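Geometric and topological summary
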Amino acid sequence: MTPRIDIDRLSAEIDSLALLSETPPPAVTRLVFSKEDQAARKMLGALFEKAGLEIRVDAVGNTFARWNGSDPARKPIATGSHIDAIPNAGKYDGVLGVLGALEAIRALQSSGFQPQAPIEIILFTSEEPTRFGLGCLGSRLMGSRLSPERAAELRDHDGKSLDELRAAAGFGSEPLASVAIPQGNYAAFVELHIEQGPILERENLDIGIVEKIAAPAALRVRFEGDGGHAGAVLMPDRRDASLGAAETALAVEHLVKSLGSSDGVGTTGIFKIKPGAINSVPFEATLEIDIRDTDHSARQAVEESLRSEIREICKRRHLLHEITTINSDPPAICAPALVEAAESSAREAGFTHRRMVSRAYHDSLFMALIAPIVMVFIPCRNGWSHRPDEFSSPSQIAKGVEVLARTLARLAS
Ligand code: GLV
Ligand code: MN
Ligand code: MN
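Cut-off values and rules
- Residues numbered from 1 in each chain as written.
- Chains lettered and ligands numbered in written order.
- Predicted model: local features only at pLDDT ≥ 70, side-chain atom pairs only at ≥ 80, totals over all residues.
- Heavy atoms only, no water.
- Helix = DSSP H or I, 4+ residues; strand = E, 2+ residues; numbered from the N terminus.
- Rg over C-alpha atoms; globule rule 2.2 N^0.38 Å.
- Buried < 20%, exposed > 50% of the residue type's maximum accessible area, 1.4 Å probe, protein only.
- Contact = heavy atoms within 4.5 Å.
- Areas by Shrake-Rupley, 256 points an atom, 1.4 Å probe, with all protein chains shown as cover.
- Donors = N, O, S within 2.8 Å, 3.2 Å for Na, K, Ca; no water.
- Polar contact = N/O pair within 3.5 Å; in protein donor to acceptor, adjacent residues only side chain to side chain.
- Salt bridge = Lys/Arg side-chain N within 4 Å of Asp/Glu carboxyl O.

This paragraph deals with the overall build of the protein. Helix and strand counts for the protein come out as 12 helices and 17 strands. Its C-alpha atoms give the protein a radius of gyration of 23 Å, near enough to 22 Å, the size a compact globule of 413 residues would have. Its C-alpha atoms give the protein principal-axis dimensions of about 80 × 45 × 40 Å. Of all 413 residues assigned to the protein, the portion counted as buried reaches 54%. The long-range share in the protein, meaning contacts at least 24 apart out of those at least 6 apart in sequence, stands at 78%. Accessible area for the protein stands at about 17000 Å²; split by element, carbon and sulfur atoms hold 52% of it.

Structure (structure tokens):
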């Protein structure tokens with residue numbers, strides 16, 4: 001059985017979805033529960049229906065589209081990803097794993113393949129942390145890594161709660177507790193994604209098969225000092241909150257470099273100061289820090305040393321501080337049998353491939369809490385992602401979708 005991927009149809013769908021954006025092309029911005037996100041969900045729903053899939057939507061908007069199998073006793077094989085996009089993103093991150101999964105199913109259908117186990121596409125709500133400050137909201141709830149109580153308290157920048165926003169989007173009739181899925185519900189979860197890094201392109205390979213997903217953590221640190229007139233408060237008298245924050249951002253860099261593994265990374269992507277006037281000493285500063293490593297204990301060592309360094313900086317500078325853990329997650333290990341299944345599928349299709357780690361996080365990180373997982377990567381130009389010029393060619397995409405289709409068929413037979 002050779003699944004025939006209709007790459008023209010898939011490319012046209014990826015292009016149409018990219019137009020449902022708050023920013024003009026080529027940038028894609030699609031905030032969860034925005035009118036663009038709602039339009040994108042509608043488009044996907046219509047495509048799922050056209051392919052004859054059975055649709056279910058849960059209390060946070062995670063959408064399940066199922067191709068029923070011939071054996072009701074078999075557990076479903078799941079695949080999928082997200083369609084929300086960070087501000088000024090590209091059109092492939094997440095979308096490839098949703099529309100690519102649909103194309104994989106359509107290709108299997110037209111090849112005459114009949115699954116024994118059901119094959120289910122999952123469109124996850126809010127993989128990106130843009131709106132609620134926390135990544136992988138839908139899969140986190142599904143994997144019970146986020147309590148419904150804490151989720152209900154999440155608010156966006158305008159102070160609107162998740163509960164209020166999901167209700168306005170039409171998903172609010174059931175409690176958030178109903179989103180959790182028990183371990184063992186799915187026989188496997190396979191996510192297709194662009195690599196978001198340069199390795200496959202550099203090595204001129206078609207396919208990456210993920211063995212491990214790096215463990216992400218995110219901290220919010222608020223520094224409190226004393227404000228005043230930039231001309232009149234003399235240097236010995238200052239308690240400048242922004243300088244404590246600046247030292248902390250540098251500490252993130254040096255701690256990751258000295259304590260992290262070769263996969264360790266640390267980023268201070270949010271730096272806000274108050275009052276934010278050129279002639280006023282900053283009395284408050286807030287940082288948001290993202291730290292990741294495939295080696296969980298190395299990442300924990302970075303986190304611990306950072307906390308003690310912040311204490312030391314604040315003592316020396318006479319600042320107060322408060323640290324909030326936004327998330328602190330373990331890494332995910334892909335199931336060896338699924339890694340082998342994906343690898344055999346790539347080999348069978350005649351594509352070049354290698355095993356690799358995922359340094360970005362994905363919904364797979366949380367699906368790993370309830371199911372065996374594997375991810376299939378395709379190259380993207382210069383490893384670029386989270387930017388408008390993110391690009392994978394139609395032939396690279398077609399290969400990824402073919403490997404996904406073959407893997408799903410193998411697992412559902
Ligand atoms: C996902 O978008 C990530 O930040 O890894
Ligand atoms: Mn992303
Ligand atoms: Mn993604």
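Below, the discussion takes up the coordination of the manganese ion (ligand 3). Listed as protein donors to the manganese ion (ligand 3) are His82 (NE2), Asp93 (OD) and His193 (NE2); their distances from the metal cover 2.0 to 2.3 Å. In primary sequence terms, the donor set of the manganese ion (ligand 3) follows H-x10-D-x99-H. The distance between the manganese ion (ligand 3) and the manganese ion (ligand 2) comes to 3.7 Å, and Asp93 binds to both of them. Residue His82 is found in strand β4 (residues 77-82), and its partner His193 is found in strand β7 (residues 188-194); the two are separated by 111 residues along the sequence.

Here we take up the side chain of Ser358. Along the polypeptide, Ser358 turns up in strand β16 (residues 353-358). Polar contacts involving the side chain of Ser358 include one to the main-chain carbonyl oxygen of Ala360, which spans 2.7 Å. Discounting residues that sit within four places of it in the chain, Ser358 has contacts with Val210, Lys212, Ile213, Ala214 and Phe377.

A few words on the pattern of salt bridges. Once their charged atoms are close, side chains differing in charge can pair, the charge on each being opposite to the other. Taken as a whole, this structure holds 33 salt bridges when the rule is applied. Residues Arg9 and Glu103 are paired through a salt bridge, measuring 3.0 Å at the closest nitrogen-oxygen approach. In this pair, Arg9 sits in helix α1 (residues 7-18) while Glu103 sits in helix α3 (residues 95-110), placing the two residues 94 residues apart along the sequence. Taking relative accessible area as the criterion, Glu103 reaches 0% and is therefore assigned buried.

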